[in-house]
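So you can see what is in the structure, the chains are spelled out below.
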Amino acid sequence: MNKITFGSSIICMDHINFERDVKLVENLGIDFLHLDVMDGNFVPRYGIYPEILKRMASITDTKMDLHLMVNNPEFAIDQFGSIDNIEYISVHIEKNETNILRIIDKIKALGKKAGIVLNLYTPVIVLEELIKHSEIDSVLFMGIHPGVLIQQSRPQTVYRKAQELNDLCAQFGSLDMIQCDGGVSFDTISTLKDSGINNFVCGSSTLYKGINLDNPWEENVLKIESNFKKMKALV
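For the structure given in this document, a descriptive report is provided here. Everything numeric in this text was worked out from a predicted model, so none of it was measured.

## Some words on the nonpolar core
No. 1: Residues Ile-116, Leu-127, Phe-141 and Leu-165 are the most contacted members of the largest nonpolar core, which totals 64 residues.
No. 2: Here the element with the most residues in this core is helix α6 (residues 155-172); it accounts for 5 residues.
No. 3: Leaving out residues up to four positions away in the same chain, Leu-165 has contacts with Val-124, Leu-127, Ile-131, Val-139, Phe-141, Leu-175 and Ile-178.

Structure follows, in structure tokens:
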């Protein structure tokens, strides 16, 4: 089994103190910075400028994975693809079925690894041909509806789909990374790990659980450090 890794969701950081917050998780030993790019159309939220990520990359050596929630992923790849720290670029299969190979080729031409994102009720079987022909490096399972802040997560759906994906990989080929974003909590990490998830996107239910940006910075640091140790102990 691949090493279990953790990504810090930058959407949970203090956006006027990115450098401080990035340095904190880097020093803790976080494996990835998870970057959400949203266009306000594919999902009902906006974020984040390529200029911000380029500056972020200049102050850290931490690897990044880019999750594109946009109607035009090829345009977004052009905007973000030159950022050196980005190792994975993941796009939704939804709305991109007919041109997904062209998008994958564009990602790989930049020297990045290509990932596919599946929404909650997109069936795993859509990945069969991509895995069979070694087109992709990772799969990201959404445990929530992307871009929606207040909602119920469905880790049980991710668990079932991750098992289905493992069966598919056993027949046709392996993946570098199987991610979960949404539904990751202290109560679900161990179970999701057993289903085959090896990368956890950590946000308000794990790494940043109990964080209030209005609290003193020193207080939040202690809480984040404690949360990180708790996450690591679960795997």
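## Here we look at the pattern of salt bridges
No. 1: Following the criterion strictly, the structure yields 12 salt bridges and no others.
No. 2: Taking the shortest distance from any N to any O, the salt bridge between Lys-63 and Glu-87 comes out at 3.5 Å. Of this pair, Lys-63 sits in strand β4 (residues 63-69) while Glu-87 is found in strand β5 (residues 86-92), placing the two residues 24 residues apart along the sequence.
No. 3: One salt bridge connects Lys-106 with Asp-78, and the closest N-O pair in it is separated by 3.0 Å.

## A closer look at the pairing of strand β9 (residues 199-202)
No. 1: The two faces of β9 match: Asn-199 and Val-201 on one face and Phe-200 and Cys-202 on the other face are all buried.
No. 2: Pairing analysis gives 4 bridges linking strand β1 (residues 5-9) to β9, with the strands arranged parallel. Looking across to β9, one finds that Phe-6 is bridged to Phe-200.
No. 3: Relative to β9, strand β8 (residues 177-181) runs parallel, the two being bridged by 3 bridges. Paired with Asp-181 across the bridge in β9 is Val-201.

Criteria and thresholds
- Residues numbered from 1 in each chain as written.
- Predicted model: local features only at pLDDT ≥ 70, side-chain atom pairs only at ≥ 80, totals over all residues.
- Heavy atoms only, no water.
- Core = buried A, V, L, I, M, F, W, Y, C linked by side-chain atoms within 4.5 Å.
- Buried < 20%, exposed > 50% of the residue type's maximum accessible area, 1.4 Å probe, protein only.
- Helix = DSSP H or I, 4+ residues; strand = E, 2+ residues; numbered from the N terminus.
- Contact = heavy atoms within 4.5 Å.
- Salt bridge = Lys/Arg side-chain N within 4 Å of Asp/Glu carboxyl O.
- Pairing = 2+ DSSP bridges.

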